[in-house]
Amino acid sequence: MLYVSTITTAAPEKFLSPLQAKVYQTLAQLHLPFERVETGEAITMEDCGAINAVLKMKMVKTLFLCNHQQSKFYLFITRGDKPFRARDFSKALDISRVSFAPAELMQSMLGTKVGAATIFSVLLDQSHKVQAVLDKDVTCEPWYGCSDGLTTSYLKLSTSAVVQEFLPFAGHQPCIIEV
């Protein structure tokens, strides 16, 4: 069973990555309330079941995708229980087929390792090489559950705050698709 701490509404006392520090600085700057838990290492959506139960929400699935030439990048956020089909994603955006971006690019571009992809990585994308793409189903949920850039720390925020306040602040207009 995955360890999940009690809920807190405060940032960690010590930040374990530059992205994690930037996440909490941004949440404070935007006055966005959140709930947070620390966990054992959670990498798969199955691992997130215990986190969902404690935070009383559904964790999103965040995928880092790219085209074959690795010249176009997408941060795709969908429901955790929804299977990913590259064909459907590509068709919805009217682009050529995509695949998962390499782990090295995930680390260098998003500041995270596999299993910790998060919408907050757009804070590091100053050159706007990564397009944020949200499944419409995610935007219909009241709560947005995601990593803060680590596989051991997870947040619950208002979905509308993420879409209407955070993403514009980060300079990333989300593309919302139905898949």
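Predicted, not measured: the structure shown is a model, and the values here were computed from it.

Cut-offs and rules
- Residues numbered from 1 in each chain as written.
- Predicted model: local features only at pLDDT ≥ 70, side-chain atom pairs only at ≥ 80, totals over all residues.
- Heavy atoms only, no water.
- Pairing = 2+ DSSP bridges.
- Helix = DSSP H or I, 4+ residues; strand = E, 2+ residues; numbered from the N terminus.
- Axes fitted to C-alpha atoms, helices over the stretch in contact; angles between N-to-C directions.
- Core = buried A, V, L, I, M, F, W, Y, C linked by side-chain atoms within 4.5 Å.
- Buried < 20%, exposed > 50% of the residue type's maximum accessible area, 1.4 Å probe, protein only.
- Contact = heavy atoms within 4.5 Å.
- Left-handed = near helix turned anticlockwise from the far one by under 90°.
- Nonpolar A, V, L, I, M, F, W, Y, C, P; charged D, E, K, R; others polar.
- Arc of directions from axis to C-beta.

> What is the right way to read the sheet that holds strand β7 (residues 153-158) from this model?
Backbone hydrogen bonds are what pair the strands of a sheet, in a parallel or an antiparallel way. Strand order across the open sheet formed by 3 strands is β1-β7-β6, with antiparallel pairing between neighbours. Both outer strands of the open sheet, β1 (35-38) and β6 (143-147), are each paired with one neighbouring strand and no more. Sheet twist, expressed as the mean angle between neighbouring strand axes with direction ignored, is 20°. With 4 bridges connecting them, β1 and β7 associate as antiparallel partners.

> For this particular structure, what's the right way to read the nonpolar core?
Core analysis: the largest hydrophobic core is formed by 36 residues, its most contacted members being L27, F64, I119, F120 and F166. For this core, the secondary structure elements donating two or more residues are α1 (18-30), β2 (60-66), β3 (73-79), α4 (103-110), β5 (130-135), β6, β7 and α6 (159-169). Aside from chain neighbours lying at most four places away, what touches L27 is L32, F34, F120, L155 and L157.

> Just to check I follow, could you spell out the environment of A10 for this structure?
Locating A10 in the fold gives a position in the segment before α1. Since its relative accessible area comes to 37%, A10 is described here as partly exposed. Sequence spacing of A10 and S160 is 150 residues, and the spatial spacing of their C-alpha atoms is 20 Å. Ignoring any residue separated from it by four or fewer positions in sequence, one finds A10 in contact with F34 and R36.

> When you look at the sheet that holds β2 in this model, what are you seeing that I'm missing?
An order of β4-β2-β3-β5-β8 is seen for the 5 strands of this open sheet, with the pairing classed as mixed. Two strands bound the open sheet, and with one partner strand each, they are β4 (99-100) and β8 (175-177). Sheet analysis places β2 next to β4, joined by 2 bridges and oriented antiparallel. Each residue of the ladder has a partner; that of L65, found in β4, is F100. Contacting β2, β3, β5 and β8, helix α3 (residues 86-93) runs over the sheet at an angle of about 120° to β8.

> What's the story with the packing of α1 against α6 in this structure? I'm lost.
How two helices sit against one another is set out by the angle between their axes and by the gap between those axes. At a minimum axis separation of 11 Å, α1 and α6 run at an interaxial angle of 115°. Seen from above, α1 lies across α6 with right-handed handedness. Residues T26, Q29 and L30 of α1 touch α6, and the partners they reach there are E165, F166 and F169. Residue composition of the contact of α1 with α6, grouped by class: 3 nonpolar, 2 polar and 1 charged.

> How do you make sense of α3 when you look at a structure like this?
Along an α-helix, residues three or four apart share an orientation, since each turn contains 3.6 residues. Considered for burial, the residues of α3 that qualify are A86, F89, S90 and L93. In an axial view of α3, the angular spread of the buried residues amounts to 95°, which keeps them on one side of the axis. In α3, the exposed positions that point more than 90 degrees away from the buried face belong to R87 and K91. Residues of α3 that are buried sit in contact with β2, β3, β5 and β8.

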